[in-house]
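Examination of the molecular architecture
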Amino acid sequence: PGISQKAAERVWLIESDMREFEADYGPFELAIVPFSAFQALCTVEDQEKTLQRIRRHLRPGGRLAIDIFDPRLEACAPGVVGRCKAWEGRHPVTDRTWKVFVDSRKNIPEEQLLHEDWRFVELGAEGEVMSQHYGSLTLRWTYRHEMQRLLERCGFAVMSLWGDYERGPFVYGKRQVWLARKS
């Protein structure tokens, strides 16, 4: 539901480990790794495996789009940082208010890793807690020049680097939105 038949005939969603996926069809014209998903790869070796796997599935001249956050040095300092973020929105099914808290964050600069503990709280009409769930997230930050060399080392030619989804210029501490071509 929600996707036209014409689009469904041209789009494939592959849910798999990025480092090891295999598609029964292809090669593809475009691969997309959105929403900082690439940063869930916590080692350079895993990043290289993923880029090489994607490259194998692209046709000659095929394109790759990757979106990651650009690390802010002051946010990458070593140690543990207390509660640092919170978001609020509406639950898509119950329409209740939900809040997401990052309760703690630990940075490991020598590995370029951050680990966050998250708490998801759903509130009732009177503000009472209806449900609460916990999760954690570990991401590897990648600097702009490091990402460029990684793409090139894995057989891609960088076409563009933008700082947002509207193709704005790259700005330190915002987004790195890469478009590369299989070379």
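First things first, this report covers the structure right here in the doc.

Reading the values: the criteria
Residues numbered from 1 in each chain as written. Predicted model: local features only at pLDDT ≥ 70, side-chain atom pairs only at ≥ 80, totals over all residues. Heavy atoms only, no water. Helix = DSSP H or I, 4+ residues; strand = E, 2+ residues; numbered from the N terminus. Buried < 20%, exposed > 50% of the residue type's maximum accessible area, 1.4 Å probe, protein only. Phe/Tyr/Trp six-rings, centres within 6.5 Å; stacked < 30°, edge-to-face > 60°. Arc of directions from axis to C-beta. Contact = heavy atoms within 4.5 Å.

Moving on to the overall build of the protein chain. Scanning the protein chain from terminus to terminus reveals three helices and nine strands. Of the regular secondary structure in the protein chain, the N- to C-terminal order runs α-β-α-β-β-β-β-β-β-α-β-β. Referenced to the eigenvectors of the C-alpha coordinate spread, the extents of the protein chain come out at roughly 55 × 45 × 30 Å. Taken across its 183 residues, the protein chain has 35% of its residues classed as buried.

Moving on, we come to the packing of aromatic side chains. Overall, the coordinates contain three aromatic pairs when judged by the stated rule. A connected cluster of aromatic rings, assembled from ring pairs, spans Trp87, Trp118 and Phe120.

The next subject is helix α3 (residues 144–153). Those residues of α3 lying buried are Met147, Leu150 and Leu151. Summarising the axial view, the buried residues of α3 lie within an arc of 95 degrees, below the 170-degree limit, and thus occupy one face. The outward face of α3, more than 90 degrees from its buried face, is lined by the exposed residues Arg149 and Arg153. Residues of α3 that are buried make contact with α2 (44–57), β2 (58–69), β8 (156–162) and β9 (175–182). Once α3 ends, the next one or two residues include Gly155, with phi positive near 90 degrees.

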